[in-house]
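Below are the chains, spelled out letter by letter.
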Amino acid sequence: MKTLALVTRNRKEILRDPISLVFFIGVPLVMLIILSVMQKNMPYNLFEIEKLAPGMAVFSFSFISLFSGMLIAKDRSSWFLTRLFASPLSSSDFIIGYSLPLLAIALLQSAVCFITAFFFGLSIDINVLLTILILIPSAILFIGLGLLLGCVFNDKQVGGIASMVIMLVSFLGGIWYNLDMMGETLKTISNVLPFVHSVKLTQTVLNGSYSEMNSHIIWVLAYTVIVFATAILVFKKKMDSDNI
Amino acid sequence: MQAIETTNLVKKYGDKIVVNSLNLTVEKGELFALLGGNGAGKTTTIKMLSCLSKPTSGDAIILGKSVVSNPKDVKSKINISPQENAVASNLTVRENLELIAGIYGNDKNAALSKVDEIISTFGLTAVAKDKAKTLSGGWQRRLSIAMALVSEPQILFLDEPTLGLDVIARRELWTAIERLKGKITIILTTHYMEEAESLSDRIGVMVNGRLKAIGTAEELKKLTNAEKFEDAFIALVSESEVSS
């Protein structure tokens with residue numbers, strides 16, 4: 001009941017902000033539509049829907065980092081978190097309370113993304129369902145990033161920092177173009193970061209190329225565990241800190 | 001019966017002693033005001049008593065439980081209205097109250113019943129469906145105190161509850177606080193002498209982290225040969241500042 005009360009509050013707090021809805025669903029959706037329309041008029045395959053839709057699903061998660069970070073930073077600055085820290089809620093109540101509604105939003109984003117892609121030629125089969133499932137670790141990774149940013153930065157800083165995550169995903173995630181176009185240095189940096197692996201993992205599952213997913217899933221899971229565990233540790237430290 | 005008993009309570013930040021060997025006893029049902037200038041240690045004391053900050057040394061026994069060794073039990077018996085309003089801005093007044101009732105372990109029916117009662121007691125019926133962010137400062141503060149009370153705490157900490165409010169809103173809150181007198185134990189910090197004098201059973205004056213004097217407003221006036229309570233407070237604070 002305690003955790004559910006916090007889950008409900010965070011869900012309402014996020015979804016009642018029209019700006020967050022625009023970014024969670026609107027921006028990825030509009031970009032998917034625009035790029036798919038552009039592809040129809042191109043003589044070569046740049047934005048194939050089988051590659052674009054998974055990439056856009058991962059890209060939409062980057063906005064979860066932004067808004068979850070802003071929510072926590074705002075809860076800190078408004079003393080709302082101070083009120084909650086004086087309550088009997090445990091650290092696991094807080095982590096679940098903030099993460100669960102964001103995970104639900106992430107699943108919704110993925111579903112909307114693939115349903116939209118269907119209208120641009122994507123086949124809806126069992127692979128789409130598996131793709132949504134395989135996106136869960138990536139969603140947890142981005143939620144963890146948001147928790148971490150919200151704990152470390154204040155409500156004025158967190159927007160700027162989270163925007164850098166969105167830019168990194170956008171430029172180094174291999175969503176819009178082949179990373180071979182970027183040169184060796186940037187390609188190496190991209191491969192060290194988790195974003196391109198999230199995109200490629202999602203693309204391989206959607207295309208049914210399961211044998212190719214191992215090299216990417218290790219990166220995604222490793223980053224997810226490290227980032228989320230760090231977020232939990234930092235949050236716990238914040239609970240014990242005099243400076244909330 | 002004692003609600004609060006502190007023994008040599010100390011809080012240090014680095015070399016700076018913010019609360020210095022505080023020995024304080026508050027009886028059950030008492031309304032106790034903590035006064036002091038900026039940086040006197042009032043808020044830090046409240047934070048330690050409400051388990052938001054760990055004492056550097058010493059202990060506080062709240063309703064028989066130690067804030068050092070048993071903070072979870074302490075937290076279930078107390079509640080706090082922090083300096084800032086600390087409300088969930090996108091939730092309605094009713095939803096804010098339901099959230100806190102849920103967090104303190106009430107099931108849905110119990111929460112609804114308690115929320116109805118507190119809305120009626122605090123005169124919040126007219127704004128019950130309004131989002132917290134649309135309320136004026138006075139109404140938000142009233143909601144903040146109602147949120148602290150909906151969990152039916154045995155001890156309520158009010159940290160500068162009327163800070164920044166106009167005179168009408170302040171007087172309305174005084175009436176609300178006066179209605180609680182004798183029913184629960186209240187610890188109040190304030191910068192307003194009139195507020196402390198008219199509301200409190202006893203007053204403690206803190207200077208440089210130490211409890212300089214304690215007693216009723218009349219006793220403190222006699223102690224300093226002052227006619228007005230404000231003069232008594234200034235005499236106590238100035239005396240210490242000169243000697244320190």
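Each value, and the rule that gives it
Residues numbered from 1 in each chain as written. Chains lettered and ligands numbered in written order. Predicted model: local features only at pLDDT ≥ 70, side-chain atom pairs only at ≥ 80, totals over all residues. Contact = placed C-beta atoms within 7 Å. Helix = DSSP H or I, 4+ residues; strand = E, 2+ residues; numbered from the N terminus. Nonpolar A, V, L, I, M, F, W, Y, C, P; charged D, E, K, R; others polar. Pairing = 2+ DSSP bridges. Axes fitted to C-alpha atoms, helices over the stretch in contact; angles between N-to-C directions. pLDDT = per-residue confidence, 0-100. Parallel < 35°, antiparallel > 145°, perpendicular 65-115°, else oblique. Left-handed = near helix turned anticlockwise from the far one by under 90°.

Visitor: Can you break down the interface of chain B and chain A residue by residue, with the values?
Guide: Where interface size is given, it is often the accessible area lost as the parts come together that is meant. Counting from both sides, the interface comprises 24 residues of chain B and, opposite them, 21 residues of chain A. Looking at the side of chain B that touches chain A, the elements with two or more residues in it are helix H2 (71-77), strand S6 (78-81) and helix H3 (93-103) of chain B. Per-element tally for the side of chain B that touches chain A: the top contributor is H3(B), with four residues. The residue makeup of the side of chain B that touches chain A, split by class, is 11 nonpolar, eight polar and five charged.

Visitor: Quick one: what's the story with the sheet that holds strand S4 (residues 57-62) of chain B, residue by residue and with numbers?
Guide: Residues and elements named next belong to chain B. Spatially, S2-S1-S4-S5 is the arrangement adopted by the four strands of the open sheet, whose pairing is antiparallel. The open sheet has two edge strands, strand S2 (16-27) and strand S5 (65-66), and neither has a second partner. Where strand S1 (residues 2-13) meets S4, five bridges bridge the pair, whose relative direction is antiparallel. For Thr6, the partnering residue across the bridge sits in S4 and is Ala60. Against the sheet, helix H1 (residues 42-49) contacts S1, S2 and S4, and its axis sits at roughly 60° relative to S2.

Visitor: Before we move on, could you go through the sheet that holds strand S3 (residues 31-35) of chain B and cite the residues and values that matter?
Guide: Residues and elements named next belong to chain B. In space, the six strands of this open sheet follow the order S6-S7-S8-S3-S9-S10, with mixed pairing throughout. With one partner strand each, in any of the chains shown, S6 and strand S10 (210-215) form the two edges of the open sheet. The sheet shows a mean angle of 20° between the axes of neighbouring strands, taken without regard to direction. Here strand S9 (residues 202-207) runs beside S10; their pairing, made up of five bridges, is antiparallel. Bridge pairing in S10 links Met206 to Leu211.

Visitor: Please set out the confidence of the model for chain B residue by residue, giving values where relevant.
Guide: This prediction gives chain B a mean pLDDT of 93; 98% of its residues lie at or above 70. We note a pTM of 0.90 for the whole complex and an ipTM of 0.91 for its interfaces.

Visitor: Outline the packing of helix H3 (residues 49-77) of chain A against helix H5 (residues 91-118) of chain A, supporting the account with residue identities and numerical values.
Guide: All names here are of chain A. Packing of H3 against H5 brings their axes to within 9 Å, and their N-to-C directions diverge by 155°. When the axes of H3 and H5 are compared, the pair comes out roughly antiparallel. Helix-helix and strand crossings are classified by hand; for H3 and H5 the assignment is right-handed. In this structure, H3 uses Ile49, Ala53, Met56, Ala57, Ser60, Phe61, Ile64, Ser68 and Ile72 to contact H5, whose residues at the interface are Tyr98, Leu102, Ile105, Ala106, Gln109, Ser110, Cys113, Phe114 and Ala117. Classifying every residue of the contact of H3 with H5 gives 14 nonpolar, four polar and no charged.

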